[in-house]
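What the coordinates show
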Amino acid sequence: MRTYTTLRLILGDQLNEQHSWFRQVDNQVLYVMMEIEPESAYVTHHIQKIVGIFGAMRQFNTQLKANGHAVCYYKISDQNNQQSFADNVDTLIHQYQIQHFEYQLPDEYRLDQLLRTYCNQLNITSLAVDSEHFYTQREDLTLFFKQKKATIMESFYRAMRKKHDILMEDTEPVGGIWNYDKENRKKIPRKHSIEAPYLLKHDVGSIYKDIQTANLKYIGHIVPKAFIWPLNRQEALNLLDDFLQRMLPFFGLYQDAMHQEHWSLYHSRLSFSLNIKLISPKEVIVAVEKVYRHNKVVDIAQAEGFIRQILGWREFMRGIYWREMPGYQQLNKLDAQRDLPAFFWTGNTKMNCLQKAIQQSLDYGYAHHIQRLMITGNFCLISGINPTDVDNWYLGIYMDAFEWVEITNTRGMSQFADGGIVGTKPYCASANYINKMSNYCQNCHYNKKEKTGDKACPFNALYWNFIHQHKNLLKSNPRMSMVYHIWEKFGSKEQDIILQQASKYLNNIEQL
Ligand SMILES: Cc1cc2nc3c(=O)[nH]c(=O)nc-3n(C[C@H](O)[C@H](O)[C@H](O)COP(=O)(O)OP(=O)(O)OC[C@H]3O[C@@H](n4cnc5c(N)ncnc54)[C@H](O)[C@@H]3O)c2cc1C
Ligand code: SF4
């Protein structure tokens, strides 16, 4: 009977071929990977997300075996799969007379607790090692902000640029300024032609069938013969290459734009590959800086705008997550209590901006940042939807949604439920902003200019209602003072009519 001394667990978002674990083949080490029901059922996930993770895990398993490593792989529909980390690992420990158990530090608090508890009761030794993916360690952000008054992303980002020598000339930022955010706010011009996104065409029929056999619940749509997301490292690198050549030259410029005919515009769609660790943030950033320095087509505003998202926001959100959990998942500073409307699961709404953003989320498991923040997120914020419903929707629907980066963006940046830990003010807006940054309003049932009446855009009345409701909390915020000044200028009669309109819409929210 074959035995091993060490068992190493690889989670579904730890598909990092370059991890030091895999540098050498050790015939005393057995790896284990498992597709288990509880990991797909803690919220209802998009079918493409389940297929994508299982598909990438299966390819990783094949690659490891081809490289000579021993791997035990449990498919979701395997008879001997006990659908639990602990039970499957216990069986292997017993079966192969394992003396030592190892895992990579998970990114999720829930799994971190689960694995710690599991290891504490083992009667063999165990070890948690780094996942070797991020620039920072879990506690780096906490240490960085310890002596500072406020947790501002920009100061963290600048320190990261200096520390890792990214877009720097000696001690100064390339181009003389740190942040080109002001140049990232253009709408797509009418005659500008946008290239189609680079899409893969995997046949994932057999994984889809296994998911059906296992009876997993899911949302969203899939074309099993034309699955578009990368399932291995090479495909992720190809997507990166395509982004560098065709999309990066316009990335910063149109970063905040939205368009009803183009679902990903100039965005990279690398978040799924990054979050399951097919590629590392470092190799993406190095590649972008190289293109900027050697290819005159990409200017500093595009390169900096992109690098800020990964080196700044991504690492910042991870640090906030580990500093604030587990309390963060209970925060509800604005006391938002309304249920998420059913149209979030169907796209069945007359509001064109929401219809398009939700529909593409159901079709692709993807919406870009401004759609998540200023369309779906903004609607939930100004309608007072409870942040747990909002979290569950975001965590389920997006390919790239893993709690550490989902909850900080949703409960924090988008819903302001953390009272300002992540953002300095709520991202709330009326139709004016949506119309400025997109072409959604052109084809809408509602009128973007009206605040009251049957055809008035719901975003208008709901926006002013939100401002009014949270006056005590927000009025003293210097970034909100102009808005309160405008609201006061309306006068009490007009204010009342707008508030009545908002209340009518909120009472009939499912019909909007
Ligand atoms: C309400 C809400 C929920 C979100 N949920 C998630 C989530 O579950 N998972 C996730 O990865 N991102 C999330 N984001 C951040 C961002 O919207 C996505 O990372 C981005 O849309 C992914 O698409 P992309 O790869 O084309 O990004 P690009 O626009 O091409 O950006 C490049 C990369 O920068 C990183 N990035 C950009 N913005 C952020 C950000 N705010 N926080 C962290 N990383 C960022 C991502 O890794 C992304 O791949 C959320 C944002 C909001 C407003
Ligand atoms: S009019 Fe209002 S609801 Fe319609 S697309 Fe514009 S912002 Fe959205």
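One structure accompanies this document, and this report is about it. (Residues numbered from 1 in each chain as written. Chains lettered and ligands numbered in written order. Predicted model: local features only at pLDDT ≥ 70, side-chain atom pairs only at ≥ 80, totals over all residues. Heavy atoms only, no water.)

Side note on the pairing of strand β4 (residues 100–104)
Filter applied, for reference: Each residue is placed in one exposure class: buried if its accessible area under a 1.4 Å probe, protein chains only, is under 20% of its type's maximum, exposed if it is over 50%, and partly exposed if it falls in between. Under the scheme used here, helices are H or I runs from DSSP no shorter than 4 residues and strands are E runs no shorter than 2 residues, and both carry numbers assigned from the N terminus. Following DSSP output, two strands are said to pair if at least two bridges run between them. Here the term right-handed applies to a crossover when the path leading from its first strand over the helix to its second strand runs clockwise, the strands being oriented away from the viewer.
Along β4, five of the five residues are buried, which leaves the element largely enclosed by surrounding structure. Bridging between strand β1 (residues 6–9) and β4 involves four bridges; their strand directions are parallel. Bridge pairing in β4 places T6 opposite H100. With respect to chirality, the unit in which β4 leads through helix α4 (residues 109–120) into the neighbouring parallel strand β5 (residues 125–129) is right-handed.

A word on the site of ligand 1
Rules: A single heavy atom is enough: if one lies within 4 Å of a molecule or strand, its residue is considered near that molecule or strand. N or O atoms within 3.5 Å of each other form a polar contact, as long as, within protein, one can give a hydrogen and the other can take it, and as long as residues adjacent in sequence are counted only when both atoms are side-chain atoms. Three residue categories are used. Nonpolar comprises Ala, Val, Leu, Ile, Met, Phe, Trp, Tyr, Cys and Pro, charged comprises Asp, Glu, Lys and Arg, and polar comprises the others, including Gly. Domain ranges listed in this record stem from an automatic or a database domain assignment.
Around ligand 1, a shell composed of 30 residues is seen, among which H267, S268, R269, N275 and Y366 lie nearest. One nitrogen or oxygen atom from the side chain of S268 is found 2.7 Å from an oxygen atom belonging to ligand 1. Breaking the shell around ligand 1 down by element, the ones donating at least two residues are α9 (271–275), α11 (300–324), α13 (369–383) and α15 (403–414). Class assignment of the residues belonging to the shell around ligand 1 gives a composition of 15 nonpolar, ten polar and five charged. Structurally, the shell around ligand 1 is a two-domain feature, drawing no fewer than three residues from each of domain 2 (140–201 + 232–324) and domain 3 (342–511).

Considering the site of ligand 2
Around ligand 2 sit M351, C353, A431, I434, Y440, C441, C444, Y446, K448, C457 and F459, and that is every residue in its neighbourhood. The class makeup of the residues in the shell around ligand 2 is ten nonpolar, no polar and one charged.

Structural notes on the state of the cysteines
Two cysteines whose sulfur atoms are joined by a covalent bond form what is called a disulfide. For the record, the criterion: To count as a disulfide, a pair of cysteine sulfur atoms needs to be within 2.5 Å.
Applying the stated criterion to the full structure yields zero disulfides. Free cysteine: C428, not disulfide-bonded; nearest cysteine sulfur from C380 at 14 Å.

Focus on the sheet that holds β5
Heads up, the rule is: In this analysis an axis means a line fitted to C-alpha atoms, helices contributing only their contacting stretch, and an angle means the value between N-to-C directions, from 0 to 180 degrees. The contact criterion used throughout is that any non-hydrogen atoms of two residues lie within 4.5 Å.
The parallel open sheet is built from five strands, whose spatial order is β3-β2-β1-β4-β5. Across the chains shown, the open sheet's two edge strands, defined by having one partner strand only, are β3 (70–74) and β5. Each strand of the sheet is rotated relative to its neighbour by a mean of 20°, with strand direction disregarded. Bridge analysis of β1 against strand β2 (residues 29–34) gives four bridges, and the strand direction is parallel. Looking across to β2, one finds that T6 is bridged to V29. Most of the contacts of helix α2 (residues 47–66) go to β3, to which it runs at about 155°, and overall it touches β2 and β3. Its contacts with the sheet place helix α3 (residues 85–96) against β1, β2, β3 and β4, and it is angled at close to 155° to β2.

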